[in-house]
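# Secondary and tertiary structure notes
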Amino acid sequence: MKSSTLALRGSLTALITPMREDGSVDERAYAEFIEWQIGEGTEGLVPVGTTGESPTLSHDEHKRVVEICVEVSRGRVPVVAGTGSNSTSEAIELTAHAREAGADAALVVTPYYNKPTQEGLYRHFMAIADAVDLPVVIYNIPGRSVIDMTPETMGRLAKHPNIIGVKDATAKLDRPLAQRRECGRDFVQLSGEDHTVLAFMASGGHGCISVTSNVAPRLCAQMHRAWREGRVAEAMEIQDRLAPLHDALFVETSPGPVKHAAALLGHGTAHCRLPLAPVAESTARQVEGAMRGAGLLN
């Protein structure tokens, strides 16, 4: 059994990075946001993924955001730091920093744009896992990276003691079954698609790295807890309540809509760095309507 796997389950939040109107990182708002997330029942924190605007953060900013998350969380929930890159050496550098900062694991995305083969993917992740003694969660998101890691390649990687799981954003509901067959039952499978969480867990998944939990952390955590405790009808009721919000948060490219939603709750501004533009008025109205429908705004 892989020692770190059981700690990663339930509702983990793919954290936004709050910014001021001038685009600078708002460290105070970020620290307060993390405290709120933990207080609302979030079971894990994932800083500087795509939702955290990792593509437009400098390396120094990226590292500081990880450090703040670790410092504020103080071991109360696991911190899975985004450390991926389409440069293997850069991914190793960011993963090494995450380990030094005290993160519990690294979330490493499949290399985007340069489109490696399955053998290239295998060697990329093996190089990171060999170089840094930190649990690695593979992030498979073909919609953004263009490549799709096969269950067979994942099975090869799962033999490495540092490669403990996957964030699966394929939205293919047969995928967790194939990955469990190739990787074993101890391999942690976390959905990267809010819409498919319960179906994913019914097929062997362990939880979700969620965008929606940025603004509905308590409901997301309650849904996972209900599922684990066998209260399926209650979990499905929460799922239905959140579905319009899932839709609204992806009307435009994330994290634009979710940062607008977080700003409505008082967590930073809606600002995203270019090339992400402010959300359209129609998107803002849909987000606000979905939040009211879910009971998040009075």
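Residues numbered from 1 in each chain as written. Predicted model: local features only at pLDDT ≥ 70, side-chain atom pairs only at ≥ 80, totals over all residues. Heavy atoms only, no water.

### A look at the environment of Val72
Within the secondary structure layout, Val72 lies in helix α2 (residues 59-73). The sequence separation of Val72 and Tyr30 amounts to 42 residues, and the corresponding C-alpha distance is 9.5 Å. Beyond its immediate stretch of four places on either side in the chain, Val72 contacts Ala31, Ile34 and Glu35. (Helix = DSSP H or I, 4+ residues; strand = E, 2+ residues; numbered from the N terminus. Contact = heavy atoms within 4.5 Å.)

### Side note on the pairing of strand β1 (residues 10-14)
Burial analysis of β1 places 5 of its 5 residues in the buried class, the great majority of the element. Of the pairings in the sheet, the one linking β1 to strand β8 (residues 207-210) comprises 4 bridges and is parallel in character. Across the sheet, Ser11 pairs through a bridge with Cys208, a residue of β8. Bridge count for β1 against strand β2 (residues 44-46) is 3 bridges, and the pairing is parallel. Paired with Leu12 across the two strands is Gly44, which belongs to β2. (Buried < 20%, exposed > 50% of the residue type's maximum accessible area, 1.4 Å probe, protein only. Pairing = 2+ DSSP bridges.)

### A word on the sheet that holds strand β6 (residues 163-168)
In a beta sheet, neighbouring strands pair by backbone hydrogen bonds and run either parallel or antiparallel. Read from one edge to the other, the open sheet built from 8 strands follows the order β2-β1-β8-β7-β6-β5-β4-β3, with strand pairing classed as parallel. Of all the strands in the sheet, the pair left with one neighbour each is β2 and β3 (80-82). Ignoring which end each strand starts from, the neighbouring axes of this sheet average 30 degrees apart. The sheet contact formed by strand β7 (residues 188-191) and β8 spans 2 bridges and is parallel. Counterpart to Ser191 in the pairing with β8 is Cys208. (Axes fitted to C-alpha atoms, helices over the stretch in contact; angles between N-to-C directions.)

### Quick look at helix α3 (residues 88-101)
When the terminal C-alpha atoms of α3 are compared, their 20 Å separation across 14 residues agrees well with the 20 Å that a helix rising 1.5 Å per residue should span. Those residues of α3 not exposed but buried are Ala91, Leu94, Thr95, His97 and Ala98. One side of α3 carries all its buried residues, which in axial view fall inside an arc of 155 degrees. Facing away from the buried side of α3 by more than 90 degrees, the exposed set consists of Ser89 and Glu100. Contacts from the buried residues of α3 go to α2, β3, β4 (105-109) and α4 (118-131). Gly102, located one to two residues past α3, shows a positive phi value of around 100 degrees. (Expected span 1.5 Å × (residues − 1). Arc of directions from axis to C-beta.)

### Re the pairing of β7
Taken residue by residue, a regular strand's side chains alternate between the two faces of the sheet. A two-sided burial pattern is seen for β7, the buried positions comprising Val188 and Leu190 on one face and Gln189 and Ser191 on the other. Where β6 meets β7, 4 bridges bridge the pair, whose relative direction is parallel. Across the sheet, residue Val166 finds its bridge partner in β7, namely Gln189. Between β6 and its parallel partner β7, the chain crosses via helix α7 (residues 175-183), and the hand of that crossover is right-handed. Handedness of the crossover joining β7 and β8 through helix α8 (residues 197-202): right-handed. (Right-handed = clockwise from strand over helix to strand, strands pointing away.)

### Details of the side chain of Ser210
Relative to the elements of secondary structure, Ser210 occurs in strand β8. Polar side-chain contacts of Ser210 include one of 3.1 Å to the backbone nitrogen of Thr212. (Polar contact = N/O pair within 3.5 Å; in protein donor to acceptor, adjacent residues only side chain to side chain.)

### Describing helix α11 (residues 256-264)
Extensive coverage of α11 is indicated by the burial of 7 of its 9 residues. Considering only its buried residues, α11 is in contact with α10 (232-248) and α12 (281-293). Two residues or fewer past α11, Gly266 is found with a positive phi of approximately 90 degrees.

### Regarding the packing of α10 against α12
It is at 8 Å that the axes of α10 and α12 come closest, and there the two elements cross at 165 degrees. Considering their axes alone, α10 and α12 lie roughly antiparallel with respect to each other. In this structure, α10 meets α12 at a crossing whose hand is left-handed. Here Pro244, Leu245, Asp247 and Ala248 of α10 come into contact with α12, specifically with Gln286, Val287, Ala290 and Met291. Tallied by class, the residues present in the contact of α10 with α12 amount to 6 nonpolar, 1 polar and 1 charged. (Parallel < 35°, antiparallel > 145°, perpendicular 65-115°, else oblique. Left-handed = near helix turned anticlockwise from the far one by under 90°. Nonpolar A, V, L, I, M, F, W, Y, C, P; charged D, E, K, R; others polar.)

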